[in-house]
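Structural features, examined
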Amino acid sequence: MPLVGSPGTSVYRIRHGAFARTRRFPARFKAGHSMSPSVSIITPCYNAADTLPGTVASILAQDFDDWELLLVDDCSGDATEAVARGFAERDGRVRYVRMVENGGAARARNRGIELARGRYIAFLDADDLWLPNKLSGQPNGIVKRVTKEALVEAYKSFTGTGG
């Protein structure tokens, strides 16, 4: 399971869209929500019942807490729905969304973007983890330095062999 962290590590691989600035969402996306989070984290899920608890735990452990998490289930056939709903019931920042039909990770991400309320969008796959400081400082840093529509983030990958 790749561990996604901050730049500054010795091994980098570019991960497209890991943290992207978004346009301001139309009022229809914010209707009924007076407080919008800074960051909407979108996690597409497909048969992820085994890995999702670790992924969500890494988000809950963030030292930056102004976020929402959208768990977008792409019609899983395992216990992903039960696991995701459990997190949504325990933490109001977590929302569970089930796709009507299986369409792949890209469609699930797009559905998450449609439902997102945050100023920024972050993507985290259901089998990945974030370091606890992944989000801290990023929103302020991005606001100060981003002039284009997207920012590409780096991540560090760990293997079970210590490499």
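Here, every reference points to the structure presented above.
It should be emphasised that the depicted structure is a prediction, and the values quoted were computed from it without experimental measurement. In this numbering scheme, every chain counts its residues from 1 along its sequence in written order. Thresholds applied to this predicted model are a pLDDT of at least 70 for local features of residues and 80 or more for the giving and counting of side-chain atom pairs; totals over whole chains, interfaces and linings are not thresholded and use all residues. Values reported for side chains reflect all heavy atoms of the structure, with hydrogen atoms and water molecules removed beforehand.

Those residues of helix α2 (residues 52-60) not exposed but buried are Leu 52, Thr 55, Val 56, Ser 58 and Ile 59. The arc enclosing the buried residues of α2, seen along the axis, measures out at 155 degrees, which places them on a common side. In what follows, residue pairs with any heavy atoms lying within 4.5 Å of each other are defined as contacts. Helix and strand labels come from DSSP, where a helix needs a run of H or I of at least four residues and a strand needs a run of E of at least two; each type is numbered from the N terminus. Where the residues of α2 are buried, they touch β3 (39-45), β4 (67-73), α3 (80-90) and β7 (129-130). For each residue, the accessible area found with a 1.4 Å probe, counting protein chains only, is set against the maximum for its type, and the residue is called buried under 20%, exposed over 50%, and partly exposed in between. Arc definition: it is the arc formed by the directions from the helix axis to the C-beta atoms.

A separate point is the environment of Thr 43. Topologically, Thr 43 is positioned in strand β3. Taking the relative accessible area as the measure of exposure, Thr 43 reaches 0% and is therefore buried. Placed 26 residues apart in sequence, Thr 43 and Leu 69 show a C-alpha to C-alpha distance of 7.4 Å. Those residues in contact with Thr 43, other than ones at most four positions away along the chain, are Leu 52, Thr 55, Ile 59, Leu 69, Leu 70, Leu 71, Val 72, Leu 124, Asp 125 and Ala 126. Side-chain polar atoms of Thr 43 contact the backbone oxygen of Leu 124, separated by 3.0 Å. Any pair of nitrogen or oxygen atoms within 3.5 Å is treated as a polar contact; in protein, a donor-acceptor pairing is required on top of that, and neighbouring residues in sequence qualify only through side-chain atoms on both sides.

Take the side chain of Thr 80 next. Here Thr 80 is to be found in helix α3. For Thr 80, a relative accessible area of 0% corresponds to the buried category. Here Ala 48 takes part through its backbone nitrogen, which lies 2.8 Å from a polar atom of the side chain of Thr 80. The contact partners of Thr 80, leaving out residues within four places of it in the chain, are Cys 45, Asn 47, Ala 48, Ala 49, Leu 52 and Asp 73.

Note on placement: Val 100 falls in the loop between β5 (94-98) and α4 (105-115). Spatially, the C-alpha atoms of Val 100 and Cys 75 are 7.2 Å apart, while their sequence positions differ by 25 residues.

In these notes, a set of buried Ala, Val, Leu, Ile, Met, Phe, Trp, Tyr and Cys residues joined through side-chain atoms within 4.5 Å is what counts as a nonpolar core. Ranked by internal contacts, the top residues of the largest apolar core, which has 21 residues, are Val 39, Ile 41, Leu 52, Trp 67, Leu 69 and Leu 71. Elements that contribute at least two residues to this core include exactly β3, α2, β4, α3, β5 and β6 (120-123).

Put simply, α2 and α3 touch, their axes get as near as 10 Å, and they point 20 degrees apart. Taken together, the axes of α2 and α3 lie roughly parallel to each other. Relative to α3, α2 is oriented so that their crossing is right-handed. Packed against α2, whose contacting residues are Leu 52, Pro 53, Val 56 and Leu 60, the element α3 presents Thr 80, Val 83, Ala 84 and Phe 87 at the interface. Only Asp, Glu, Lys and Arg are considered charged, only Ala, Val, Leu, Ile, Met, Phe, Trp, Tyr, Cys and Pro nonpolar, and every remaining residue, Gly among them, polar. By residue class, the composition of the contact of α2 with α3 is 7 nonpolar, 1 polar and no charged. Angular values range over 0 to 180 degrees, each being the angle between N-to-C directions of two axes fitted as lines to C-alpha atoms, with helices fitted over their stretch in contact. Our angle categories are set so that under 35 degrees counts as roughly parallel, over 145 as roughly antiparallel, 65 to 115 as roughly perpendicular, and the remainder as oblique. Note on convention: near helix rotated counterclockwise from far helix by under a right angle means a left-handed crossing. Clockwise means right-handed.

Taken by themselves, the reported measurements are silent on function.
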